[in-house]
Amino acid sequence: MDENDLPGKGEPLEHRFLSGGTQNEIYELRRGENRCVIRIPPQNAPADRDEGILREWRIIEALDGTDVPHTEAIAMCADTSVLGRAFYLMGFVDGWSPIGRKTWPAPFDTDLDARAGLGYQLAEGIALLSKVDWAAKGLHDLGRPDGFHERQVDRWTKFFERIKGRELEGMDVASAWLRAHRPIDYIPGLMHGDYQFANVMFADGAPATLAAVVDWEMGTVGDPKLDLGWMIQSWPEDTMAEAASKASYVDLRGMPSRSQVLAHYAEVSGRQVDDIDYYIILAKWKLAIVLEKGFQRAGDDHQLQAFGPVIVDTMKAAAELAETTD
């Protein structure tokens, strides 16, 4: 850090573990009044995680100067001799994550009008992301936008065949529908790849303010509206109903309705959302396949075993929507 003249040069270095798993570990680093965050794969992570770290770095660096709430890009190190793995440093974000909470923090726990802002802000994050000029930011080789939709079914069907341990009811129906249909239009753009409440941070207090979109390991250049489909695939139209409290891993009561979320995304992004059912079907179909990998490897892991019926219901829902959408 000192050799690269980063803030806090010469100050003692303190660190604090923030979060981590099999993919990445995250620590706060403090040097005097300066704070930043290091994101680094654990030592036993697969070798390709170093490439993933460099990929993430390219995205957050490209977001500098855009309207997308993001962490500041500070420095990146591809030299694995320094800490054993590639890593990067990003700005520390003051705020909170919806993950790991049983209730929303105040005032969003009781003020439903304030809580609605969380939903609007979540949608706005990917709406702004869809407007980033990815080519001008040098991300032309980050993904393969040409033929994006044509590849989806073949790619994920082959993935499913590799991990297959059972048949999933409705998969054939949804797969056939996806092969036969395409969006009304397709405007390539930068996409997050796993956009949901779990991968954002909000600023403290009201009004709801999205502080940063985080966790870019699935980021690519593709169809940004798949982020929208991923976000709202289990989002109810009636968010005041009791069922909205159990429709997701967070309590959606008081949030804007699905229609209101779609309208806000369309207004901010400038993209039409009349073909949103296509993206919801694709999102549900893909999610069921992705979760099936963990379920097939669950062993005695009760948390992964619990995904079994969820996967079945998700694939059935994809097929039912495919059979009923206009």
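Preceding block: the structure.
Residues numbered from 1 in each chain as written. Predicted model: local features only at pLDDT ≥ 70, side-chain atom pairs only at ≥ 80, totals over all residues. Heavy atoms only, no water.

### Thoughts on the sheet that holds strand β1 (residues 14-20)
Right, on to step 1. An order of β1-β2-β3-β5-β4 is seen for the 5 strands of this open sheet, with the pairing classed as antiparallel. The open sheet is flanked by β1 and β4 (73-77), the only strands paired with a single partner. If you compare each strand with its neighbour and ignore which way they point, the axes differ by 20 degrees on average.
Right, on to step 2. Of the strand pairs in this sheet, strand β3 (residues 34-40) and strand β5 (residues 87-91) are connected by 4 bridges, and their pairing is antiparallel. Looking across to β5, one finds that arginine 39 is bridged to tyrosine 88. (Pairing = 2+ DSSP bridges. Helix = DSSP H or I, 4+ residues; strand = E, 2+ residues; numbered from the N terminus. Axes fitted to C-alpha atoms, helices over the stretch in contact; angles between N-to-C directions.)

### Description of the nonpolar core
Right, on to step 1. Counting residues in each nonpolar core, the largest one holds 82 residues, and the members touching the most others are Leu118, Leu190, Phe197, Met231, Ile232, Trp235 and Trp285.
Right, on to step 2. It is helix α8 (residues 276-296) that contributes the most residues to this core, 12 residues altogether.
Right, on to step 3. Look past the residues within four positions of methionine 231 in its chain and what remains in contact with it is Gly119, Leu122, Ala123, Ile126, Tyr195 and Val261.
Right, on to step 4. If you look at the next biggest cluster of nonpolar residues, it comprises 9 residues, including Leu6, Ile40, Cys77 and Leu89. (Core = buried A, V, L, I, M, F, W, Y, C linked by side-chain atoms within 4.5 Å. Buried < 20%, exposed > 50% of the residue type's maximum accessible area, 1.4 Å probe, protein only. Contact = heavy atoms within 4.5 Å.)

### Details of the pattern of salt bridges
Right, on to step 1. In total, this model carries 23 salt bridges according to the counting rule given.
Right, on to step 2. For the salt bridge of glutamate 28 with arginine 35, the shortest nitrogen-to-oxygen distance reads 2.9 Å.
Right, on to step 3. A relative accessible area of 30% means that arginine 35 is categorised as partly exposed.
Right, on to step 4. Its salt-bridge partner being arginine 35, residue aspartate 94 comes within 3.7 Å of it at the nearest N-O pair. You can see aspartate 94 sitting in the loop between β5 and α3 (112-129) and its partner arginine 35 sitting in strand β3, a full 59 residues away along the chain.
Right, on to step 5. Each of Arg16, Glu28, Arg30, Arg35 and Asp94 takes part in salt bridges that share partners, so that together they form one network. (Salt bridge = Lys/Arg side-chain N within 4 Å of Asp/Glu carboxyl O.)

### A few points about unusual backbone geometry
Right, on to step 1. For the bond running from alanine 106 to proline 107, omega is 0 degrees, close enough to zero to count as cis.
Right, on to step 2. Even without being a glycine, aspartate 215 presents a positive backbone phi close to 60 degrees.
Right, on to step 3. In this fold, aspartate 215 is placed in the loop between β8 (210-213) and β9 (220-222).

### Remarks on helix α5 (residues 171-180)
Right, on to step 1. Residues of α5 that are buried include every one of Met171, Ala174, Ser175, Trp177 and Leu178, and no others. End-on view of α5: buried residues confined to an arc of 165 degrees, all on one side of the axis. Structural note: α5 exposes Asp172 and Ala180 on the side pointing more than 90 degrees away from its buried face.
Right, on to step 2. Summarising the contacts, the buried residues of α5 are in contact with α4 (148-163), α8 and α10 (307-324). (Arc of directions from axis to C-beta.)

### Description of the side chain of lysine 284
Right, on to step 1. Examined against the element boundaries, lysine 284 turns out to sit in helix α8.
Right, on to step 2. Of the side chains bearing the opposite charge, glutamate 320 lies closest to the buried lysine 284, which forms no salt bridge; the N-O distance is 8.6 Å.
Right, on to step 3. Those residues within four positions of lysine 284 in sequence are excluded, and the remaining contacts are Gln233, Thr314, Ala317 and Ala318. (Lys, Arg positive; Asp, Glu negative; His and termini not counted.)

### Quick word on the pairing of β5
Right, on to step 1. Along β5, 5 of the 5 residues are buried, which leaves the element largely enclosed by surrounding structure.
Right, on to step 2. Direction of pairing for β4 relative to β5: antiparallel, over a ladder of 4 bridges. The partner of alanine 75 across the bridge, within β5, is leucine 89.

### Some thoughts on the packing of aromatic side chains
Right, on to step 1. As enumerated under the stated definition, the model contains 12 aromatic pairs in all.
Right, on to step 2. For the pair phenylalanine 17 and tyrosine 27, a centre-to-centre distance of 5.4 Å together with 70 degrees between the ring planes defines the contact as edge-to-face. In this pair, phenylalanine 17 sits in strand β1 while tyrosine 27 sits in strand β2 (residues 25-31), placing the two residues 10 residues apart along the sequence.
Right, on to step 3. Phenylalanine 17 sits in the partly exposed class, given a relative accessible area of 47%.
Right, on to step 4. Each ring, one from tryptophan 156 and one from phenylalanine 159, has its centre 5.3 Å from the other, and the planes form 65 degrees; the classification is edge-to-face. Of this pair, tryptophan 156 and phenylalanine 159 are both found in helix α4, 3 residues apart, which corresponds to roughly one turn of the helix. The two residues tryptophan 156 and phenylalanine 159 agree in class, both being buried.
Right, on to step 5. Grouping aromatic residues by their ring pairs yields a cluster made of Trp96, Trp104, Phe108, Phe197, Phe202 and Trp235. (Phe/Tyr/Trp six-rings, centres within 6.5 Å; stacked < 30°, edge-to-face > 60°.)

### As for the environment of glutamate 217
Right, on to step 1. With respect to the secondary-structure elements, glutamate 217 resides in the loop between β8 and β9.
Right, on to step 2. The class of glutamate 217 is partly exposed, set by a relative accessible area of 28%.
Right, on to step 3. With 72 residues separating them in the primary sequence, glutamate 217 and isoleucine 289 have C-alpha atoms 18 Å apart.
Right, on to step 4. Residues in contact with glutamate 217, not counting those within four places in the same chain, are Arg39, Arg49 and Glu56.

From the geometry alone we can't say anything about function, so treat these as descriptive.
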